[in-house]
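Report on the structure
These are the residues of each chain, in order.
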Amino acid sequence: MLLINQKKIEEAKKICTRFLNENQEDIEMLKLRAQINYVQENYNQAIIDFNQLLLLGQTETFILDKLAKSYYENKEYQRSCILF
């Protein structure tokens, strides 16, 4: 069951990336890909995606929270604390 879910997650990530290659400012696809990267513990890419969302004016609580946690998991504690 876990393998099936992992395949679905990877497929969703590919779809998001495909949409973002066409339009880098597709906020919904960027949010989805950022969250997928976060769940997969791909914190470097999650940080990039969450920061892109901030640059696009998205300041929802979940974005700031997940970005701070991504920095923390990357042992970038000072950046993490700034967001809390």
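These remarks concern the structure in this document. (Residues numbered from 1 in each chain as written. Predicted model: local features only at pLDDT ≥ 70, side-chain atom pairs only at ≥ 80, totals over all residues. Heavy atoms only, no water.)

1. Some points on the nonpolar core
For the record, the criterion: Nonpolar cores were defined as sets of buried Ala, Val, Leu, Ile, Met, Phe, Trp, Tyr and Cys residues, with membership established by side-chain atoms within 4.5 Å. Relative accessibility thresholds used throughout: buried, under 20% of the residue-type maximum; exposed, over 50%; partly exposed, between the two (1.4 Å probe, protein chains only). Runs of E in the DSSP output that reach at least two residues are strands. Runs of H or I that reach at least four are helices, and both are numbered from the N terminus. For this analysis, residues touch if any pair of their heavy atoms sits within 4.5 Å.
In this structure, Tyr38, Phe50, Leu53 and Leu67 are the most contacted members of the largest nonpolar core, which totals 14 residues. Taken together, the elements giving at least two residues each to this core come down to helix H1 (2–22), helix H2 (27–39), helix H3 (43–55) and helix H4 (61–73). Among the elements that take part in this core, H3 stands out by supplying five residues, more than any other. Apart from residues lying up to four places away in sequence, Leu53 is in contact with Ile27, Leu30, Lys31, Ala34, Gln58 and Ile63.

2. Side note on the environment of Gln45
Along the chain, the position of Gln45 falls in helix H3. Residue classification places Gln45 among the partly exposed positions, given a relative accessible area of 26%. Note: C-alpha distance between Gln45 and Arg79 (34 residues apart in sequence) is 16 Å. Gln45 has contacts with Arg33 and Asn37, leaving out every residue within four places of it along the chain.

3. Describing the side chain of Lys31
With respect to the helices and strands, the residue Lys31 is situated in helix H2. Residue Lys31 is classed as buried on the basis of its relative accessible area, which comes to 11%. Not counting the four nearest positions on each side in its chain, Lys31 is found in contact with Leu53, Gln58, Glu60, Phe62 and Ile63.

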